[in-house]
Amino acid sequence: DDTLAMWVPEFEDAADVTLGHLLQNTGGIPDWGLSWYNDNYGSTWTEELLLEQIIANGVNTASGEAYVYSNPGFVLAGIAAGRADGSSYPEALRTHVLDPLGLEQTWLAGYEAARATVAQGYTYSMGWADVTENSDGTIDFASGGLVTTAPELQTFWRALHTGEVLSESSYERMVTRGTLTSGSDTDYGLGIGIKETTNAGLYYGTDGGVYGYQAMLFWFEDRDELSVNALMNVSGDITVPILVAVEELF
């Protein structure tokens, strides 16, 4: 419920945005434009430079007015988390999540030293191209910069849903749909998608990608807490067919 002004006061245009708005994608923080992201993906960024860019872009709707997925919103949430911890986002993440869960092959790209060999990343346009070295990952920060393995992703995902990461009250807030100022609900909680399906019932999940890589993770609450996770070293919208295939199993 804290306003962003409490933790990131230099972003004056976002004084009415709460941390909850950021995690629900309802803060009015515009996403990176695709052309801007592609043009700057190969550059090295810092938390300070990312924040300068976000402040320069301002806000485009009043907080709580609309659901618009916002990677910069998650960057801001990460900055706030680091400041609340009295450290930085990478340090807070390692201290409170990664180390306690024993995730030894998970790290924040560009902000921590690599802990394992990274799979080659590919994209396709008139042929396959290896884009592994196109970026150091610093532009993604708290919006998708983690590097991990499928087993460690599973360890975190199960821990998140079984009480090892959040308190019961925090978990319930996380999996509660956001409500817009119009009174309508979104299909998104605090950093997590929420969907009711005909075949698979209720599930929580998220998917997304960076240049050359994709990830997806889903928790089927109504199917004996079935967990489906995948990491892919290729760009493109291939997570949806996987999810559809899983739903059709039931």
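See the structure printed just above.
Described in the following lines is the structure provided in the data block. (Residues numbered from 1 in each chain as written. Predicted model: local features only at pLDDT ≥ 70, side-chain atom pairs only at ≥ 80, totals over all residues. Heavy atoms only, no water.)

## A closer look at a negative patch on the surface
Then, number 1: A cluster of acidic side chains, namely E168, E172, E196, E221, D222, D224 and E225, defines a negative patch on the protein surface.
Then, number 2: Relative to the assigned elements, E196 resides in strand β5 (residues 193-197). (Patch = residues over 30% accessible without salt bridge, like charges linked within 9 Å, V, L, I, M, F, W, Y side chains within 5 Å. Areas by Shrake-Rupley, 256 points an atom, 1.4 Å probe, with all protein chains shown as cover. Salt bridge = Lys/Arg side-chain N within 4 Å of Asp/Glu carboxyl O. Lys, Arg positive; Asp, Glu negative; His and termini not counted. Charge placed at Lys NZ, Arg CZ, Asp CG, Glu CD. Helix = DSSP H or I, 4+ residues; strand = E, 2+ residues; numbered from the N terminus.)

## So, the sheet that holds strand β8 (residues 226-232)
Then, number 1: Within the open sheet, the four strands sit side by side as β5-β6-β7-β8. Their pairing is antiparallel. Two strands in the sheet have a free side with no partner beyond their single neighbour: β5 and β8. Here the strands of the sheet are splayed against their neighbours by 20° on average, with no regard to which way each runs.
Then, number 2: Relative to β8, strand β7 (residues 213-220) runs antiparallel, the two being bridged by seven bridges. Across the sheet, L217 pairs through a bridge with N229, a residue of β8.
Then, number 3: Where helix α9 (residues 239-247) meets the sheet, its contacts fall on β5, β6 (201-210), β7 and β8, and the angle it forms with β7 comes to roughly 25°. (Pairing = 2+ DSSP bridges. Axes fitted to C-alpha atoms, helices over the stretch in contact; angles between N-to-C directions. Contact = heavy atoms within 4.5 Å.)

## Here's the deal with the pattern of salt bridges
Then, number 1: The final tally for this structure, using the stated rule, is five salt bridges.
Then, number 2: Between R173 and D1 there is a salt bridge, and its shortest N-O distance comes to 3.1 Å. With a gap of 172 residues between them, R173 in helix α8 (residues 168-174) and D1 in the segment before α1 (4-7) connect regions that are remote in the sequence.
Then, number 3: R173 gets classed as partly exposed once you look at its relative accessible area, which sits at 48%.
Then, number 4: Its relative accessible area of 71% is what places D1 among the exposed residues.
Then, number 5: A salt bridge links R94 to E112; the shortest N-O distance between them is 2.6 Å. Residue R94 is found in helix α6 (residues 89-98), and its partner E112 is found in the loop between β1 (107-108) and β2 (122-124); the two are separated by 18 residues along the sequence.
Then, number 6: Residue R94 is classed as buried on the basis of its relative accessible area of 9%.
Then, number 7: Connected via shared salt-bridge partners are R94, D99 and E112. (Buried < 20%, exposed > 50% of the residue type's maximum accessible area, 1.4 Å probe, protein only.)

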